[in-house]
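# Structure at a glance
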Amino acid sequence: STYEPFPEIMWRKIKGSNRLKNEHLAILEKLTTWRERQAITQNRPRRHIIGDDALLSMAINPPSDIEDLQNNTSLPERFINTQGATILKLVQQGLQTPASEWPEQIRKYSLNHQEEALADCLMAIIHISAHNNNISPRCLGSRKELEMLVKGSRDLAILSGWRYELAGKQLL
């Protein structure tokens, strides 16, 4: 299939993730990456694996043991019994992530007129590539992502994997 999700950046889609920083963001990244991979493996909607609110709650107040999971999250007992150890391991990995590897928040960029024009041209390339490959332009990249590209960011989904092959090459 042409469309494959990008598990490592799914944390950006969690409402409230923009309020997190540092190791809390690393925890959220670890948990959402795991959840996305579980959803793909089990062929279930991601929120049926574990809800966004629970992920955000654990990133804000990291649990240290099973008792914390039971007391401080809305997770069902059955889930805690089967996945609790994995969740705690992921939280610890997030806490131990070196500062140099913490995920970066998408910053709001204000573009000047030339940069706006360039972003418009890049968006046109996205639309053409999407049309040629019979997929939605939103699957390839967003306006926000193109604005980040214009401002110099290179850690973007459009610049890796299948997105790079279909459109990213033309954007650089």
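Everything here concerns the structure above.
An account of the accompanying structure is given in this report. (Residues numbered from 1 in each chain as written. Predicted model: local features only at pLDDT ≥ 70, side-chain atom pairs only at ≥ 80, totals over all residues. Heavy atoms only, no water.)

### Quick word on the environment of L95
By the secondary structure assignment, L95 is in helix α5 (residues 77-95). The class of L95 is partly exposed, set by a relative accessible area of 36%. Contact partners of L95, with chain neighbours within four places excluded, come to E23, I27 and P62. (Helix = DSSP H or I, 4+ residues; strand = E, 2+ residues; numbered from the N terminus. Buried < 20%, exposed > 50% of the residue type's maximum accessible area, 1.4 Å probe, protein only. Contact = heavy atoms within 4.5 Å.)

### Some words on the pattern of salt bridges
Enumeration over the complete set of coordinates arrives at 8 salt bridges. The salt bridge involving D52 is made with R35; its shortest N-O contact spans 2.7 Å. One end of the pair, D52, is in helix α3 (residues 52-60); the other, R35, is in helix α1 (residues 22-42), with 17 residues separating them in the sequence. In this structure D52 comes out as buried when scored by relative accessible area, which is 13%. Sharing partners across several salt bridges, the network here consists of E116, D120, R143 and E147. (Salt bridge = Lys/Arg side-chain N within 4 Å of Asp/Glu carboxyl O.)

### Side note on the environment of G168
With respect to the helices and strands, G168 occurs in helix α9 (residues 161-171). G168 sits 39 residues away from S129 along the chain, and the two C-alpha atoms are 9.7 Å apart. Look past the residues within four positions of G168 in its chain and what remains in contact with it is I158, L159 and R163.

### Some details on α1
A rise of 1.5 Å per residue sets the reference length of α1, with its 21 residues, at 30 Å; its end C-alpha atoms lie 30 Å apart and thus fit the reference within 8%. Along α1, the residues classified as buried are L25, A26, I27, L28, E29, L31, T32, T33, W34, R35, E36 and A39. Lining the buried residues of α1 we find α2 (46-49), α3 and α5. In the segment just after α1, N43 is the residue with positive phi, at about 55°. (Expected span 1.5 Å × (residues − 1).)

### Focus on unusual backbone geometry
Its identity as a non-glycine residue notwithstanding, N43 has a phi of 55°, on the positive side. Following the sequence through the fold, N43 ends up in the loop between α1 and α2. A relative accessible area of 71% places N43 in the exposed class. Phi is positive for N134, close to 55°, though the residue is something other than glycine. Among the structural elements, N134 can be located in the loop between α6 (113-132) and α7 (137-140). Here N134 falls in the exposed class, since its relative accessible area comes to 72%.

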